[in-house]
Amino acid sequence: MAMVDIRDARKTYDGGFEALRGVDLQIQEGEILALLGPNGAGKTTLISAICGITQPTAGQIEVGGHDVVRDYREARKLIGLVPQEINLEPFEKVASTVAFSRGLFGLPKNDALIEQILRKLSLWEKRNDRVMALSGGMKRRVLIAKALSHEPRVLFLDEPTAGVDVELRRDMWQIVEELRQDGVTIILTTHYIEEAEAIADRVGVINKGQILLVEDKDSLMTRMGKKELTVELDAPISDIPQSLSDFDLTLGSDGKTLVYAYDTAAERTGIARLMAALSEAGLVVRDVSTAQNSLEDIFVGLVSDEQEAAQ
Amino acid sequence: MNFGAIKAIYRNEMARFFRTLAQSFISPVISTSLYFVVFGAAIGSRIDEVEGVSYGAFIVPGLIMLSVITQAISNASFGIYFPKFIGTIYELLSAPVNFFEIVIGYVGAAATKALFIGVVILGTASLFVDLTIMHPFAMLAFLVLTCISFALLGFIIGIWAGNFEQLQLVPLLIITPLIFLGGSFYSISMLPPVWQTITLFNPVVYLISGFRWAFFGMADVPIGLSLLAIAVFTGLCLAVVWWIFKTGWRIRT
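Residues numbered from 1 in each chain as written. Chains lettered and ligands numbered in written order. Predicted model: local features only at pLDDT ≥ 70, side-chain atom pairs only at ≥ 80, totals over all residues. Heavy atoms only, no water.

Caption draft 1: Representation of the side chain of A:Thr189 in the model. Residue and element names in this part refer to chain A. Residue position: threonine 189 is located in strand β8 (residues 185–190). In this structure threonine 189 comes out as buried when scored by relative accessible area, which is 0%. Within polar-contact distance, the side chain of threonine 189 engages the side chain of aspartate 158 at 2.7 Å. Discounting residues that sit within four places of it in the chain, threonine 189 has contacts with Leu35, Lys43, Ile47, Leu157, Asp158, Glu159 and Pro160. (Helix = DSSP H or I, 4+ residues; strand = E, 2+ residues; numbered from the N terminus. Buried < 20%, exposed > 50% of the residue type's maximum accessible area, 1.4 Å probe, protein only. Polar contact = N/O pair within 3.5 Å; in protein donor to acceptor, adjacent residues only side chain to side chain. Contact = heavy atoms within 4.5 Å.)

Next comes the structure, spelled out in structure tokens:
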């Protein structure tokens, strides 16, 4: 059974804007899923629909087997949410605002746990400071502490590292790693591809309210491991010579560029062999260049393909 | 019921009150004293008694009602509007609490603060005039009911308000005039007959009249009618709150 099970979730706002257009997504317990997408793709709406901040128009969302609308109490008990915006009451003290969050979940006071969370987030020294006296990065740590205060089994991090310093980003990844070891399921949205690469098990791409791809990160990395060598020829050719058929080559439409795809992880890239074969075939090479596929390329490619299809 | 959440909300709201305790305590004391100076000394010297009660004592129930109603509304409306304004409402919406638990927490805290201020005013007033309360339990019951029902109204206003101006609008344009014209500082028997009839459409008249009855045993309208009025008013507020709960109006997009 999936920890988070989303089936055909739709959300149409009052103005008629369709923020979610039939999202299907299953997230396994203990998994870390990174959700990538441009601004306005529906990332935050999807999280809001799961967490109860917005009401889905149609579809079914279950967390830990509990429907988030009908059985909202049981579902929400499992969920911790770190929102994108820094929404904190400025006059409250750090420790009391974190304790308040735990109280909202109906749980008894647990000072030891709160201390442990605050220490882990380097907030313990600031526990008696008012929120408004904290820096932006510290405030974000407070948001994380609040989300962890009721020991959630599913944690949503909505762009947790947008605009934070390197240190907090590293701390964040460390915390995510510790939570993973405790078996907590984590869903994070991000703009940063390297963040997804660093911590996620699977990567999902969302655009215009639809999931375009959900794939194991490692298989994505393999795709990313592909590199392309572009060979610019001095004179155009009409066909790839027979002697070069061993190579995975594509001829550009101008007849002057040959693109060779190869695997950087392979023992031999075949580049030297290709170069020799080119000169044997009597082709004069004018220039060469290489390009690597990155998650970003895959992401941009997916999003722009969709845009073209829509036009 | 998530009692832990109700307690958390209530304590969190009360903490805000205690942070500004001096302010919460001093302002009603000063304003009450001012009313006594203005109404008691300036006007009271021209009106000796209203139906056998000294004018200074006569205005005490109205004074308490004026502050209690205003405070209950402003505390409750601000209490729920503020999280909406700064965005912390996300926490309430994503917690395993239902709307009624949220209402009990916020309205309970706002009503407690209003009750506290009512008691402070009563104490201050007793320094200026001799007060004997004829029906103390009825007085307390009226006070508590008023605190709760107007805190409910304040909560509704806080949910409805889209900005700080709207938050002030209803109390300023509707509630304050109704209280002032509701016989806080006069008996409606002192009005010309036409105005006596018009005044009866003001719901606050029934509250102040009932409250004054608890103090002095005299009333502009029968006590039963006063009780009915506050019951109807509380019922209306509860119905609106229930409707907000059903529809998620202005809370859940």
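Following the structure, the description resumes.
Caption draft 2: Quick look at the interface of chain A and chain B. Of the residues lining the interface, 28 residues belong to chain A; the matching set on chain B comes to 24 residues. Interface of chain A and chain B: buried area, both sides summed, is about 2,400 Å²; carbon and sulfur atoms make up 54% of it. In this assembly, chain A and chain B are joined by four salt bridges. Here B:Glu101 and A:Arg73 are joined by a salt bridge, their closest N and O atoms 2.8 Å apart. Joining chain A to chain B, the criterion identifies 11 residue pairs in polar contact (both at pLDDT 80 or more). Every element with two or more residues in the side of chain A that touches chain B is listed here: α2 (72–77), α3 (94–104) and α5 (136–148) of chain A. Of the residues in the side of chain A that touches chain B, the class split is 13 nonpolar, seven polar and eight charged. (Buried area = accessible area lost by both parts, 1.4 Å probe. Salt bridge = Lys/Arg side-chain N within 4 Å of Asp/Glu carboxyl O. Nonpolar A, V, L, I, M, F, W, Y, C, P; charged D, E, K, R; others polar.)

Caption draft 3: Fine view of the sheet that holds strand β4 (residues 58–63) of chain A. All names here are of chain A. The four strands are arranged β2-β1-β4-β5 in an open sheet whose pairing can be described as antiparallel. At either end of the open sheet lies a strand with only one pairing partner, and these are β2 (18–27) and β5 (66–67). Running over the sheet, helix α1 (residues 43–51) touches β1 (4–12), β2 and β4 and is turned about 65° from β2. (Pairing = 2+ DSSP bridges. Axes fitted to C-alpha atoms, helices over the stretch in contact; angles between N-to-C directions.)

Caption draft 4: Main features of the layout of surface pockets. As a volume, the largest pocket reaches approximately 870 Å³. Contributing to the lining of the largest pocket are 30 residues, with B:Gln23, B:Ser27, B:Gln71, B:Ser74 and B:Asn75 lying nearest its centre. Elements supplying a minimum of two residues to the lining of the largest pocket: α1 (3–19), α2 (21–43), α3 (55–86), α5 (99–128) and α7 (164–180) of chain B. Residue classes in the lining of the largest pocket are distributed as 13 nonpolar, 13 polar and four charged. Of the pockets and cavities examined, the second largest pocket occupies roughly 670 Å³. A:Ser96, A:Ala99, A:Phe100, A:Lys109 and B:Arg11 are the residues nearest the centre of the second largest pocket, which is lined by 27 residues in total. For the lining of the second largest pocket, the secondary structure elements donating two or more residues are α3 and α4 (111–120) of chain A together with α1 of chain B. Looking at the lining of the second largest pocket, the element that brings in the most residues is α1(B), giving seven residues. Taken together, the residues of the lining of the second largest pocket sort by class into 11 nonpolar, five polar and 11 charged. (1 Å grid on protein atoms, 1.4 Å probe; cavity = no way out; pocket = protein on both sides within 12 Å on 5 of 7 lines; lining within 4 Å. Points joined across faces, edges and corners; volume = space filled by probe spheres on them.)

Caption draft 5: Molecular detail of empty space enclosed by the protein. In the structure shown here, the tally under the stated rule is two cavities of 30 Å³ or more. Reported here for the largest cavity is a volume of approximately 170 Å³. For the largest cavity, the lining is made up of 19 residues, of which A:Glu89, A:Phe100, B:Asn12, B:Thr88 and B:Tyr106 are closest to its centre. Contributions of two or more residues to the lining of the largest cavity are made by α3 of chain A together with α1, α3 and α4 (89–93) of chain B. In terms of residue count, the dominant contributor to the lining of the largest cavity is α1(B) (four residues). Taken together, the residues that form the lining of the largest cavity break down as nine nonpolar, four polar and six charged. If you add up the space inside the second largest cavity, you get close to 100 Å³. Where the lining of the second largest cavity is concerned, the elements lending two or more residues are β6 (79–82) and α5 of chain A together with α4 of chain B. Here the lining of the second largest cavity takes three residues from β6(A), the largest share from any one element.

Caption draft 6: View of the sheet that holds strand β14 (residues 285–292) of chain A. Residues and elements named next belong to chain A. One open sheet holds the four strands; their spatial order is β12-β13-β11-β14, and the pairing between them is antiparallel. The open sheet has two edge strands, β12 (249–251) and β14, and neither has a second partner. The sheet shows a mean angle of 20° between the axes of neighbouring strands, direction not considered. Where β12 meets strand β13 (residues 257–263), three bridges bridge the pair, whose relative direction is antiparallel.

Caption draft 7: Broad picture of the domain arrangement of chain A. With domains assigned, chain A is organised as domain 1 (4–221) and domain 2 (225–296). Each of domain 1 of chain A and domain 2 of chain A was reduced to a C-alpha centroid, and the two centroids are 45 Å apart. (Domains from an automatic or database assignment.)

Caption draft 8: Examining the state of the cysteines more closely. Residues and elements named next belong to chain B. Here the structure, examined in full by the defined rule, presents zero disulfides over all chains. Note on cysteine 147: no disulfide assigned, nearest cysteine sulfur contributed by cysteine 237 at a separation of 13 Å. On the basis of relative accessibility, which here comes to 1%, the residue cysteine 147 falls in the buried class. (Disulfide = S-S within 2.5 Å.)

Caption draft 9: Region of interest: the nonpolar core. The biggest cluster of nonpolar side chains holds 145 residues, and the ones touching the most others in it are A:Ile6, A:Ile50, A:Leu155, A:Phe156, B:Ile64, B:Ile69 and B:Phe155. Residue contributions to this core peak at 15 residues, all from α3(B). In contact with B:Ile69, not counting residues within four places along its chain, are B:Thr146, B:Phe150, B:Ile175, B:Ile179, B:Val204 and B:Leu207. (Core = buried A, V, L, I, M, F, W, Y, C linked by side-chain atoms within 4.5 Å.)

Caption draft 10: Structural view of unusual backbone geometry. Residues and elements named next belong to chain A. Phi is positive for serine 122, close to 55°, though the residue is something other than glycine. Locating serine 122 in the fold gives a position in the loop between α4 and α5. Classification of serine 122 as partly exposed rests on a relative accessible area of 37%. The backbone phi angle of glutamate 159 is positive, close to 45°, even though this residue is not glycine. On the basis of relative accessibility, which here comes to 7%, the residue glutamate 159 falls in the buried class.

Caption draft 11: Expanded view of a nonpolar patch on the surface. A grouping of B:Phe25, B:Ile26, B:Ile30 and B:Leu34 is seen on the molecular surface, where their side chains present a nonpolar patch of about 380 Å² in accessible area. Examined against the element boundaries, B:Phe25 turns out to sit in helix α2. (Patch = residues over 30% accessible without salt bridge, like charges linked within 9 Å, V, L, I, M, F, W, Y side chains within 5 Å. Areas by Shrake-Rupley, 256 points an atom, 1.4 Å probe, with all protein chains shown as cover.)

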